[in-house]
Amino acid sequence: MSIISHVIVKVPATTANLGPGFDCIGAALQLYNEFKFTLSDSKLCIKVHGKEAEKVQTDSSNLIYQAFVKLYERINKTPPGVEIEVNLGIPLARGLGSSATAIVGGLVGGNILADSPLSPEEVIKLAIEMEGHPDNVVPAFLGGCQLAATSSRGWEICPVHWHPEIIPVVAIPDFELSTSQARKVLPIEISRDDAIFNTSHFGLLLQALASNQKEWLQAALKDKLHQPYRQSLIPGYDDVESAVIEAGAYGMVISGAGPTLLALTDRAHSPKVVQAMTHAWAKVGITCTVLPLPIDINGISFDFSPLSPTQRQKR
Ligand SMILES: Nc1ncnc2c1ncn2[C@@H]1O[C@H](COP(=O)(O)OP(=O)(O)O)[C@@H](O)[C@H]1O
Ligand SMILES: N[C@@H](CCOP(=O)(O)O)C(=O)O
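Residues numbered from 1 in each chain as written. Chains lettered and ligands numbered in written order. Predicted model: local features only at pLDDT ≥ 70, side-chain atom pairs only at ≥ 80, totals over all residues. Heavy atoms only, no water.

Per an unreviewed UniProt entry, the recorded name for the chain is Homoserine kinase, and the organism is Cylindrospermopsis raciborskii C07. The UniProt entry for the chain carries the following text under Pathway (unreviewed entry): "Amino-acid biosynthesis; L-threonine biosynthesis; L-threonine from L-aspartate: step 4/5." The Function (unreviewed entry) comment attached to the chain in UniProt states, word for word, "Catalyzes the ATP-dependent phosphorylation of L-homoserine to L-homoserine phosphate." (UniProt positions renumbered as here; feature names shortened; annotations may be inferred.)

What follows is the structure, encoded as structure tokens:
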């Protein structure tokens, strides 16, 4: 029996792939979704607040609720009645890990209301299973920049040092691109040359992120696994990239599955990069919101209240 009446879980946005690290690396960003779970005797009730709230399902198909139910399935218990209140701070289907926050939020909320039967490692494993790849759910849960690789134990998760002088700037356009659509355009197989290209660039990326070595970062952001196939889904990609380089950034990549574009820059060039992204996309008729978003180093945070003695008696 739960001794907790409600829990509020805050989960950060993420930027996955970082160029050559398709499906294995991502970083948490200081932009958040917040989920409040309250035990309830009546049927499921989901309330959503914030911009784009009307786009989120409020029935049992809601991804947060599906994750909540998954948690209870895993511990062989019937899910309790619950009211879920969502405060959306992260735009949907833009490549900033909104689905990852819903999965992580639902699992963590469910786990806490069930008196935490699963360890953080088990919750992360379940989140990866639900999302299908680790590169957004892992940093969303743990914060910072995280690398995940399969092993005989399941997953090896490894923090990646992100030099504080490397500033992420995201340009979020006013159109959506679902991850499933952006995965459909990817080839099943790639050539050995492309595999070597990505292996070498990914190795360089890890060293470049840790050291802030300018030339390494400039080269390391290149990729041949997913970006060449996805660029055509993002009108104006080449124009924004040229403007970003001209403004002095290290480079630009697709954030997650897109369509948000992520520039990495040093602090001094950050204001120019913001302007360049805004203007370059406006020139091709696309309105976007451009934000420098520092790395979130904490991952999930939560706050909960115990049941009152009267509530305990009722249960
Ligand atoms: N806060 C949320 N609550 C419920 N479902 C959500 C939430 N955020 C995202 N989703 C679901 O995830 C979908 C977007 O996932 P996806 O295409 O992977 O984009 P993203 O890059 O934002 O994760 C939404 O259309 C919605 O179905
Ligand atoms: N590696 C995935 C990452 C998807 O991240 P999201 O933030 O767009 O959900 C991919 O590139 O498909």
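(A) Examining the overall build of the chain more closely. Helix and strand counts for the chain stand at eleven helices and eleven strands. Taken over the C-alpha trace, the chain has a radius of gyration of 20 Å; the compact-globule value for 315 residues is 20 Å, and the two agree within 12%. C-alpha extents for the chain along the principal axes are approximately 65 × 45 × 35 Å. Taking all 315 residues of the chain together, 51% fall into the buried category. Summed over its atoms, the accessible surface of the chain is roughly 14,300 Å², and 53% of this surface lies on carbon and sulfur atoms. Side-chain charges in the chain split into 25 positive and 31 negative, and the spacing between the mean points of these groups amounts to 4 Å. (Helix = DSSP H or I, 4+ residues; strand = E, 2+ residues; numbered from the N terminus. Rg over C-alpha atoms; globule rule 2.2 N^0.38 Å. Buried < 20%, exposed > 50% of the residue type's maximum accessible area, 1.4 Å probe, protein only. Areas by Shrake-Rupley, 256 points an atom, 1.4 Å probe, with all protein chains shown as cover. Lys, Arg positive; Asp, Glu negative; His and termini not counted. Charge placed at Lys NZ, Arg CZ, Asp CG, Glu CD.)

(B) Main features of the site of ligand 1. Residues in close proximity to ligand 1 total 18 residues, the closest being Ala93, Gly95, Ser98, Ser99 and Thr179. In this structure, Ala93 approaches ligand 1 through a main-chain N or O atom, which is 2.9 Å from an oxygen atom. With respect to ligand 1, the backbone of Gly95 contributes an N or O atom lying 3.1 Å from an oxygen atom. Relative to its unbound accessible area of 560 Å², ligand 1 is 84% covered by the protein chains. Assessed atom by atom at 2 Å from the grid points, ligand 1 resides in the largest pocket. At the level of elements, helix H1 (63-74) and helix H2 (98-113) are the ones that each hand at least two residues to the shell around ligand 1. (Near = heavy atom within 4 Å. Polar contact = N/O pair within 3.5 Å; in protein donor to acceptor, adjacent residues only side chain to side chain. 1 Å grid on protein atoms, 1.4 Å probe; cavity = no way out; pocket = protein on both sides within 12 Å on 5 of 7 lines; lining within 4 Å. Sits in = over half its atoms within 2 Å of the grid points.)

(C) The pairing of strand E9 (residues 261-266), seen in detail. Counting buried residues in E9 gives five out of six residues, a clear majority hidden from the surface. As paired elements, strand E7 (residues 166-173) and E9 share six bridges and run antiparallel to each other. Bridging from a neighbouring strand, Pro168 pairs with Leu264 of E9. Judged from the four bridges that link them, strand E8 (residues 251-254) and E9 form a sheet pairing that is antiparallel. (Pairing = 2+ DSSP bridges.)

(D) The layout of surface pockets, seen in detail. Of the pockets and cavities examined, the largest pocket occupies roughly 720 Å³. Taken together, 40 residues make up the lining of the largest pocket; nearest its centre are Leu63, Leu92, Ala93, Ser98 and Ser99. Of all the elements in the fold, those that place two or more residues in the lining of the largest pocket are strand E1 (4-16), strand E2 (25-39), H1, H2, helix H3 (120-131) and helix H5 (179-184). For the lining of the largest pocket, the element with the most residues is H2, which contributes five residues. Considering only residue class, the lining of the largest pocket consists of 15 nonpolar, 17 polar and eight charged. Of the voids in this model, the second largest pocket is the one considered here, and its volume is about 270 Å³. (Points joined across faces, edges and corners; volume = space filled by probe spheres on them. Nonpolar A, V, L, I, M, F, W, Y, C, P; charged D, E, K, R; others polar.)

(E) Structural context of the UniProt feature "domain: GHMP kinase N-terminal" (unreviewed entry) in the chain. Summarizing the sequence annotation, UniProt attributes the feature "domain: GHMP kinase N-terminal" (unreviewed entry) to residues 62-144 in the numbering used throughout. Between the end C-alpha atoms of residues 62-144 there is a gap of 27 Å, over a span that is 55% helix and 7% strand.

(F) Representation of the pairing of E7. Among the eight residues of E7, eight are classified as buried, and the element is accordingly described as predominantly covered. Here E7 shows two buried faces, one formed by Ile166, Pro168, Val170 and Ile172 and the other by Ile167, Val169, Ala171 and Pro173. One ladder, built from five bridges, connects E7 with strand E10 (residues 288-292); its direction is antiparallel. When the bridges of E10 are listed, Pro173 appears paired with Cys288.

(G) Local environment of the packing of H1 against H2. Two elements in contact, H1 and H2, have axes separated by 7 Å at closest approach and are oriented at 40°. As judged from the angle between their axes, H1 and H2 are oblique. Both H1 and H2 take part in a crossing whose hand is right-handed. Across the interface between the two elements, Leu63, Ile64, Ala67, Phe68, Lys70, Leu71 and Tyr72 of H1 pack against Ser99, Ala102, Ile103, Gly106, Leu107, Gly109, Gly110, Asn111 and Leu113 of H2. For the contact of H1 with H2, the per-class residue count stands at ten nonpolar, five polar and one charged. (Axes fitted to C-alpha atoms, helices over the stretch in contact; angles between N-to-C directions. Parallel < 35°, antiparallel > 145°, perpendicular 65-115°, else oblique. Left-handed = near helix turned anticlockwise from the far one by under 90°. Contact = heavy atoms within 4.5 Å.)

(H) Inspection of the UniProt feature "domain: GHMP kinase C-terminal" (unreviewed entry) in the chain at higher detail. The feature "domain: GHMP kinase C-terminal" (unreviewed entry), as given by UniProt, occupies residues 206-282 in the numbering adopted here. Counted over residues 206-282, helix gives 52% and strand 13%. Its end C-alpha atoms are 33 Å apart.

(I) Spatial organisation of the nonpolar core. Within the largest apolar cluster, 45 residues are counted, with the highest numbers of intra-cluster contacts made by Phe37, Ile84, Val86, Val104, Leu107, Val108 and Leu113. Tallying contributions element by element places H2 first for this core, with eight residues. Residue contacts for Ile84: discarding those within four places in its chain leaves Lys36, Phe37, Leu44, Cys45, Ile46, Lys47, Ile64 and Tyr65. (Core = buried A, V, L, I, M, F, W, Y, C linked by side-chain atoms within 4.5 Å.)

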